Amino acid sequence: MGQIFDRLQAFGEFEVIHFGDKVILEEPIESWPVCDCLIAFYSSGYPLEKAEAYAALRKPFLVNELEPQHLLHDRRKVYERLEMFGIPVPRYALVIREVPYQQLDYFIEEEDFVEVRGMRFWKPFVEKPVDADNHSIMIYYPSSAGGGMKELFRKVGNRSSEFHPEVRRVRREGSYIYEEFMPTGGTDVKVYTVGPEYAHAEARKSPVVDGVVMRNPDGKEVRYPVLLSPAEKEMAREVCIAFRQAVCGFDLLRSEGRSYVCDVNGWSFVKNSYKYYDDSACVLRKMLLDAKAPHLSSAIPPTLPWKVNELVQPSEALTRQGSGINGTFGQSEELRCVIAVIRHGDRTPKQKVKLKVTEEKLLNLMLKYNGGRPRSETKLKTAVQLQDLLDATRMLVPRTRPDLESDSEAEDVEHSEKLRQVKAVLEEGGHFSGIYRKVQLKPLKWDKVTKGNGEVEERPVQALMILKYGGVLTHAGRKQAEELGRYFRNKMYPGEGTGLLRLHSTYRHDLKIYSSDEGRVQMSAAAFAKGLLDLEGQLTPILVSLVSKDSSMLDGLENASIEMDEAKARLNEIITSNAKTVDCNGSPEYPGTVDGAGLPSNASELLSNLCQQVKLTKKVTEQVRLLAKDENEKLTERNLYDIIPPYDQAKALGKTNIDVDRIAAGLPCGSEGFLLMYARWKKLETDLYNERKEHADNAFTCTDALISPKFLMFMIRANMISCTTHILILKDLMSFSKLPRYVEMLADGVIPNEYGINPKQKLKIGSKIARRLLGKLLIDLRNTREEAISVAELKNNQAQSLSVKIEKEDAEAKSKLFHKNDEIDQDDDDDKETKYRLDPKYANVKTPERHVRTRLYFTSESHIHSLMNVLRYCNLDESLQGEESLISHNALERLCKTKELDYMSHIVLRMFENTEVALEDPKRYRIELTYSRGADLSPLEKNTCLHQEHTLPIRGPERLQEIGSYLTLETMEKMIRPFAMPAEDFPPGTPASFSGYFSKSMLERLVNLWPFHKHPSSNGR
């Protein structure tokens, strides 16, 4: 504030008098200095009522009126005033308690939501004290993301928040506002007004991400000025008027294409911005002169009086970065866009337990949750539902295992064992977090029952229970994802290793991360973001803050289920009939154009040879059964309701290191006990081995089961001396190792052919599975191009006079924007993705025009294969006959030899702009395609290098084009468009067409401000 007062005094028109604490607190108002204009604002201990009395006595001009400042101490009144003036706020509800812990009829709390007077808030939601001076704000996370709570508070050192994974219930000791959590991409915006016509905005890393405050070498929090949209400028004006505070700060949330005010702070100034100090002094001068000396001119002099002696603020260095493809930083080609489609990290095997149940407790539970309909199935997913099932199962599981005496007793024992498995799965972790457990109850038989009043009703007497679990991201998977994110940060963005962080922190990096609905995929995305942006802490807050779910784009195989079934049938026919692969629908110039290409020539022989090897699974299963029996007996010594949970999945979500204590205790690494390990191996034995035929006769069962022996071999190799209980299994290790090798050889041929038996079928299946994803990729590329063209075209026309046009368009935008309270500029509404753009007027950055768009799509194996198949074979479509493939011949050969697109495999598209080429030249935009096979290394190989945390390393990227080749954006669009969902078919809220990040007038202003003229070119640059 001193910087602004110094500038005001430099005009020679004002005398600034500081009252001081002694005058304000001790002397009567009659003794206070008499002034023409008063700046007074509340802070802790400030006598606001005394200042109001002084203002009533002396009647000075008030820069910030005093009476409305009382509103700022009550969040209820702040929201009421904002709504009164039509300023958008998050959806919220009030919970008011007269005394702590008061029971309220209108307030309901469940595992994943709270309900206030019928208004339901699903987690994540925000809990704010009504008292605005209480800065302890909580965010509660859903159990599907791991649960827990993050506490936000005023900065203490380098921390602004702390995550508490064990806290799941809301506070009840006071009065609170509950509001919707608004995803903002991990960024907060602070807006500072100086009068209703001036607003300055700065963005910072949000405390909800990892709670670490970014600071510069001087210890100040890192913030960068960003541009406000016309709608946001109007909101700033309305806030100023609503609270009658000329100098005012407020918090802005940008979420899904709209902006909301979530807090109003009152008197606030920007720190460390000389340009802002200049502007504020000029605005305040005009305001004060107009109020008290309108006869004096408020025109700003050509040279500001303080400029002569002002030190020049140095610009921060940032080199202009080119593609770096040829080992140099090109001055003409710049990276504009990075798009990556990434498979999730290492996971535990997906498992399923099926059993027929007749127990009344379970049948009643089914009726409870299906509305009492005897013929309707029930799905149990929520914490309350699964807890009910666990309570019932605990009562049904016998405490001891009886000896077998007859076949009927054997069936009873098998049923009891399956109930034990159900109980063990449900007890895992001590609470229900994550999204890796769900139960279906399907009625199978019914009976007529006569009720006491003589009525006859139908009741289920038998049901099929299906428990699905597993498929959880392991600590190795989290480590892989984080390391890949770190690799992207340092290698995918040309230039210095810190180039991406510099771009991101200065809001010249537009990052969006999307994930499918599966828990392992979401957590992979969060771990990747942690490495990419160099974040700290656990994954749950990162997931909720930065990752958007889009199951329709990244999940599901339904569209291609018929074609995939046909491919599997043909593949099984080739394997079991010992038929030779047949050239079909292919082209001799491309490798892998035969039916079943990639299958080992001795596939049938391999399948039959599995018989003897599969028998060894029975030995391993028996060894694990003994371990499980010991574990269960130890647990049953305690009360069934007092079992120590074996592992906490929620706490594990933030870990990327091996759980050494668990290994040292002789327990399996990961989130399972020996009982679940036994269940998995028993299922593997049953799936692989047909006791009657004494052989394995299904190639798909073998490949589906591959992950189990591969997973175990991996664990054993990593922990060979860390757990003595594994020695029992190691007895047959040398013989057993042949089984995974045989299965792996089959899997290398079977898995790629599941997505099409020949190139044309691969293309058909791939286009059906990835149609929506392909459409979104084209939209990303087009938006990037159109944004660059918009800026370049305006740059070429910068010589024209734009001032009249600017004023006219700004006036039209203002009049159009706020006819309705929630209306937003139509240009911005077309693209719902949140945008942050650096304001070059205030940014201390040499290249404010540099901007990179990053889009990351995390998905499963099916979408990686599908996308790759479209890229490989798109030119086989009838509409593209005669066109060359997007992928080089050498790359096609390498892909045919690729064994597997394993965990963390990824496909990357990078778009470069050559600014030395004319706008209309197709060669202005170049696409670079690369891919990685991911963690495509076998733990069975002796030379496979395991990291200290026994994670398999991820393979580096491989080119899909020849060095020196030039794939233009125009060619890329032409080849992909026939297989992509058209932009107009995307639902509202998806950026179907580019609308620009600012209005045209704002772009014109930026062109004048940016130093384009320093690099003139004769070819239309």
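Given the structure is predicted, the values throughout are model-derived calculations rather than measurements. (Residues numbered from 1 in each chain as written. Predicted model: local features only at pLDDT ≥ 70, side-chain atom pairs only at ≥ 80, totals over all residues. Heavy atoms only, no water.)

**Student:** So what exactly am I meant to see when it comes to the pattern of salt bridges here?
**Tutor:** Should the charged atoms of two oppositely charged side chains come close, the side chains can pair. Using the criterion set out here, one finds 55 salt bridges in the structure. The salt bridge involving Glu-180 is made with Arg-91; its shortest N-O contact spans 3.5 Å. Within this pair, whereas Glu-180 is found in strand β11 (residues 176–180), its partner Arg-91 is found in the loop between α4 (75–84) and β3 (92–95), the two being separated by 89 residues in sequence. Glu-180 gets classed as partly exposed once you look at its relative accessible area, which sits at 35%. A salt bridge links Glu-958 to Arg-933; the shortest N-O distance between them is 3.0 Å. (Salt bridge = Lys/Arg side-chain N within 4 Å of Asp/Glu carboxyl O. Helix = DSSP H or I, 4+ residues; strand = E, 2+ residues; numbered from the N terminus. Buried < 20%, exposed > 50% of the residue type's maximum accessible area, 1.4 Å probe, protein only.)

**Student:** Mind showing me how you'd approach helix α5 (residues 230–243) here?
**Tutor:** Because the α-helix completes a turn every 3.6 residues, residues three or four places apart line up on one side. When the terminal C-alpha atoms of α5 are compared, their 20 Å separation across 14 residues agrees well with the 20 Å that a helix rising 1.5 Å per residue should span. Counting buried residues in α5 gives 11 out of 14 residues, a clear majority hidden from the surface. The positive-phi residue at the C-terminal boundary of α5 is Arg-244, with phi of around 50°. (Expected span 1.5 Å × (residues − 1).)

**Student:** Help me out: how do you make sense of the packing of aromatic side chains in this one?
**Tutor:** Two aromatic rings, taken as a pair, are described by how far apart their centres are and by the angle between their planes. With the rule as written, the count across this model stands at 18 aromatic pairs. Taken together, a centroid distance of 5.4 Å and an interplanar angle of 40° make the contact between Phe-125 and Tyr-140 tilted. Placement of the pair is Phe-125 in strand β7 (residues 125–129) and Tyr-140 in strand β8 (residues 137–140), with a sequence separation of 15 residues. Here the two residues Phe-125 and Tyr-140 agree in accessibility, since each one is buried. Seen from their ring centres, Tyr-198 and Tyr-276 are 6.3 Å apart, and the 45° between their planes marks the pair as tilted. With Tyr-198 in the loop between β12 (187–194) and β13 (199–205) and Tyr-276 in helix α6 (residues 274–292), this pair connects stretches of sequence that are 78 residues apart. Assigned by exposure class, Tyr-198 and Tyr-276 land together as buried. (Phe/Tyr/Trp six-rings, centres within 6.5 Å; stacked < 30°, edge-to-face > 60°.)

**Student:** What exactly am I supposed to notice about the side chain of Arg-520 here?
**Tutor:** Of note, Arg-520 is situated in helix α12 (residues 519–532). Taking the relative accessible area as the measure of exposure, Arg-520 reaches 9% and is therefore buried. Polar side-chain contacts of Arg-520 include one of 2.9 Å to the side chain of Glu-518. Residues contacting Arg-520, with those up to four places away along its chain left out, are His-344, Arg-347, Lys-350, Gly-471 and Leu-473. (Polar contact = N/O pair within 3.5 Å; in protein donor to acceptor, adjacent residues only side chain to side chain. Contact = heavy atoms within 4.5 Å.)

**Student:** Can you help me understand the sheet that holds strand β18 (residues 350–357) in this one?
**Tutor:** Either a parallel or an antiparallel arrangement is found when strands of a sheet pair, and the pairing is made through backbone hydrogen bonds. Overall, antiparallel pairing links the 4 strands, which are arranged β18-β21-β20-β19 in an open sheet. Whereas interior strands pair on both sides, the edge strands pair on one side only; in this sheet they are β18 and β19 (378–380). This sheet shows a mean twist of 25° between the axes of neighbouring strands, independent of strand direction. Bridging between β19 and strand β20 (residues 437–450) involves 3 bridges; their strand directions are antiparallel. Bridge assignment links Thr-378 to a residue of β20, and that residue is Leu-441. Packing against the sheet, helix α8 (residues 383–396) makes contact with β19, β20 and β21 (456–470), and its axis sits at approximately 100° to β19. (Pairing = 2+ DSSP bridges. Axes fitted to C-alpha atoms, helices over the stretch in contact; angles between N-to-C directions.)

**Student:** I keep staring at unusual backbone geometry and nothing clicks. Help me out?
**Tutor:** With omega at 5°, the peptide bond leading from Lys-123 into Pro-124 counts as cis. Positionally, Pro-124 belongs in the loop between β6 (119–122) and β7. In this structure, Arg-117 is a non-glycine residue whose phi angle is positive, near 50°. Of note, the phi angle at Asn-272 is positive, near 60°, even though the residue is not glycine. Examined against the element boundaries, Asn-272 turns out to sit in the loop between β16 (258–266) and α6. Since its relative accessible area comes to 45%, Asn-272 is described here as partly exposed.

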